[in-house]
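Examining the three-dimensional arrangement
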Amino acid sequence: MRGLLLKDFYVLLRQMRALLLVVIIFAVIPGSSLNAFAVIYAAMLPYTALAYDERSHWDQLAGTMPYAPWELVLSKYVLGWSFTAGAAALCLLAGALERPFTDSAADPASVGLAFCIGLLLMAVTLPLMFLFGVERGRMLFILLSVVIACSCVGAVSGTLVEGGGAAAALTLLLPAGAAVLTAVSVPVSVRLYIRRLCA
Amino acid sequence: MNSENAIELRHVSRSFGEFALQDVSLTLPQGCILGLIGENGAGKSTAIRLIMHTLRPDSGEIMVLGQSNTAPAFRSLKEDIGVVLDEAYFPETLNIRQVESVLSRAYRRWDAAAFDGYLCRFELPRNRPFKDFSRGMKMKLAIAAALSHNARLLILDEATSGLDPIVRDDILGIFSDFTRDAEHSILISSHILSDLEKLCDYVAFLHQGRLLFCREKDELMDTYGILACTEAQLSDLPEDAVAGVERSGYGVRALVRRREVSGIFPVERATMEEIILFLVKGEGRT
């Protein structure tokens, strides 16, 4: 799978520079929700990699190489998890650097929740991409992204402001939901990928 | 099924709406080169996708290097198969160095020295993005990659199309050298029938999704010949002798079975292209 990840890394070099820029800008501008968007933006990079794959018909070539379908699918999840974790780490670093100068620097809790939202987004939308392809899956992705991101960011902001039990429940529920959905999403994506590849 | 065969297809069928590959059975013996011939849309690429199991058959069985291609072990067996598809399909932003980094992690027996040798031989630039390559350069890169992981079987789908005659000749020489090892085999599809005539031991002819024949090339070339004659002479030939007829203002040219007409008329050697064209057009004697 290292070869697959390396291929995506090369393909996304430009996007990674853009991601770094977005994270730096969002980190410099005080406000947790902007940091959240930087992390969620990172979670969208697997779709860019999939779009490049479709454009170059990489799947056809990869299918002739000694890779199992699950490796081809899982590599996209690993790519997304890595970028999302990297963006979250950058936000935490930027928040730590900003904190002495401002009260609204990114705090670890909101970055952690944004990380979970990124995982949720990938878990829900990647199977759609593997089923329909990026072009057809994109509209569903945008729709779902807006719904999930708005509801999660709203819930996070609201509960963090309110504090107390609701916030505690959300900080437990969101990571648990992300973990469960991810565990379901990967095998579903593998099945859908095989079905589409062999159709 | 025989483990001495590099590829065996038994009654393989696959349909896609209007097109169907129907009941295809063919064998590529180990150490040999099989040419897959057919018009556009005849099913050559479909057959290759079925062999590599990137497409599932509706029915039939496929063995590759002695293994069923549905077996879990087929994944690791792909280490032994070098594939060149009808396009190179590498991500276009990558350059050759990056392609090599990716492939060397995909194939355990990647041979960097061999790859470098082919890059030099094909005069491919190492740092130019793949998207700036001509079709010929892309195909050369795909061929270099397929030859650089110590494969035992090459599967080549229109691998020589887009190459100039000099490079094509060089590459045909490489393919021919590849099969000097008795364990090495090649399945090659091509529209350039003169290449296949030069290279192949066996020829399989797909037409509209059906396999018309899979025969030894020399036997095929010995079976048929070209007869230039008049209409009257044509009508004197035995019923089974004529496989195809082409009429023009200059007379009649017929693809004939040599054995049926030997001694009656002088018969010229038919090229592979003539045999295939006559068989496809298949105009009868009348």
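Residues numbered from 1 in each chain as written. Chains lettered and ligands numbered in written order. Predicted model: local features only at pLDDT ≥ 70, side-chain atom pairs only at ≥ 80, totals over all residues.

1. Some points on the overall build of chain B
Defined as follows: What counts as a helix is a DSSP run of H or I of at least four residues, what counts as a strand is a run of E of at least two, and both are numbered from the N terminus. The atom set for the radius of gyration is the C-alpha atoms, and the globule formula is 2.2 Å times the number of residues raised to the power 0.38. Counting other C-beta atoms within 10 Å of each residue's C-beta, where C-beta atoms are placed from the backbone, gives the exposure class: buried for 20 or more, exposed for 12 or fewer, partly exposed between. Whether two residues are in contact is decided by their C-beta atoms, placed from the backbone, lying within 7 Å.
Summing up its helical and strand segments, chain B has 11 helices and 14 strands in all. Whereas a compact globule of 286 residues would reach a radius of gyration of roughly 19 Å, chain B reaches 21 Å, a difference of no more than 12%. Within chain B, buried positions represent 44% of all 286 residues. When contacts within chain B are restricted to residue pairs at least 6 apart in sequence, long-range pairs at least 24 apart make up 67% of them.

2. Quick word on the interface of chain A and chain B
Applied cut-off: Residue polarity is assigned by list, with Asp, Glu, Lys and Arg as charged and Ala, Val, Leu, Ile, Met, Phe, Trp, Tyr, Cys and Pro as nonpolar; anything else, Gly included, falls into the polar class.
Each side of the interface is counted separately: chain A has 20 residues, and chain B has 24 residues. Every element with two or more residues in the side of chain A that touches chain B is listed here: α1 (2-11), α4 (45-56) and α5 (58-62) of chain A. With six residues, α1(A) is the largest single contributor of residues to the side of chain A that touches chain B. Within the side of chain A that touches chain B, the residues separate by chemical class into 12 nonpolar, six polar and two charged.

3. Concerning the sheet that holds strand β12 (residues 242-248) of chain B
Residues and elements named next belong to chain B. Put simply, the test is: For two strands to be treated as a pair, DSSP must find at least two bridges joining them. Between N-to-C directions, angles span 0 to 180 degrees; the directions come from axes that are lines fitted to C-alpha atoms, helices contributing only their stretch in contact.
Pairing within the open sheet is antiparallel, and its four strands lie in the order β12-β13-β11-β14. Each end of this open sheet is capped by a strand with a single partner; those strands are β12 and β14 (268-269). Sheet topology note: the β12/strand β13 (residues 251-257) ladder contains six bridges and is antiparallel. Residue V242 lies in a different strand from β13, and its bridge partner there is V256. Packing against the sheet, helix α11 (residues 272-281) makes contact with β11 (224-229), β12 and β13, and its axis sits at approximately 90° to β12.

4. A look at the environment of G80(A)
Residue and element names in this part refer to chain A. Assignment of secondary structure puts G80 in helix α6 (residues 69-98). G80 sits in the buried class, given 25 other C-beta atoms within 10 Å. Separated by 79 residues in the primary sequence, G80 and M1 place their C-alpha atoms 14 Å from one another. With residues near it in sequence (within four places) discarded, G80 still touches A43, L45, P46 and M122.

5. Description of the pairing of strand β10 (residues 210-216) of chain B
Residues and elements named next belong to chain B. In this sheet, β10 lies alongside strand β9 (residues 202-207) in antiparallel orientation, the contact comprising six bridges. Bridging across to β10, F205 finds its partner in F213. Following β9, the chain reverses through two residues before pairing antiparallel with β10; Q208 in that reversal takes a positive phi of roughly 50°.

6. Looking at the nonpolar core
Test applied: Take the buried Ala, Val, Leu, Ile, Met, Phe, Trp, Tyr and Cys residues, join any whose C-beta atoms are within 7 Å, and the set you get is a nonpolar core. Residue ranges assigned to each domain were obtained from an automatic or database domain assignment.
By size, the foremost hydrophobic cluster in this structure holds 140 residues, and its most contacted members are V39(A), I155(B) and A204(B). No other element matches helix α7 (residues 108-132) of chain A, which puts 14 residues into this core. Looking at which domains feed residues into this core, each of domain 1 (5-208) and domain 2 (221-281) of chain B supplies at least three. Aside from chain neighbours lying at most four places away, what touches A204(B) is L26(B), L34(B), L36(B), I37(B), L211(B) and C214(B).

7. Concerning the domain arrangement of chain B
Interface size is commonly expressed as the accessible surface area that is lost when the partners come together. All names here are of chain B. According to the domain assignment, chain B consists of domain 1 (5-208) and domain 2 (221-281). One C-alpha centre belongs to domain 1, the other to domain 2; they are set 34 Å apart. Taken together, the contact pairs seven residues of domain 1 with five residues of domain 2. At the level of secondary structure, the elements contributing two or more residues to the side of domain 1 that touches domain 2 comprise α7 (193-199) and β9. The greatest single-element share of the side of domain 1 that touches domain 2, amounting to four residues, is contributed by α7. Of the residues assigned to the side of domain 1 that touches domain 2, the class counts are four nonpolar, two polar and one charged.

8. Section: the packing of α4(A) against α6(A)
Residues and elements named next belong to chain A. Defined as follows: These descriptions rest on fixed angle ranges, namely under 35 degrees for roughly parallel, over 145 for roughly antiparallel, 65 to 115 for roughly perpendicular, and the rest for oblique. With the far helix as reference, a near helix turned anticlockwise by less than a right angle produces a left-handed crossing, and one turned clockwise produces a right-handed crossing.
In the contact formed by α4 and α6, the axes pass within 8 Å of each other and the chain directions differ by 140°. For the element pair α4 / α6, the angle class is oblique. Where α4 crosses over α6, the two elements pack in a sense that is right-handed. Judged by residue contacts, L45, P46, A49 and L50 of α4 engage K76, L79, G80 and F83 from α6. For the contact of α4 with α6, the residue count by class is six nonpolar, one polar and one charged.

9. Description of unusual backbone geometry
All names here are of chain B. Backbone geometry at L65 places phi at a positive 50°, although glycine is not the residue there. Here L65 shows up in the loop between β4 (59-64) and β5 (67-68). Non-glycine residue E158 carries a positive phi angle of around 55°. Structurally, E158 can be placed in the loop between β7 (153-157) and α6 (165-178).

10. What about the environment of K138(B)?
Within the fold, K138(B) resides in helix α5 (residues 135-146). When the C-alpha positions of K138(B) and E87(B) are compared, they lie 7.7 Å apart, and in sequence the two are 51 residues distant.

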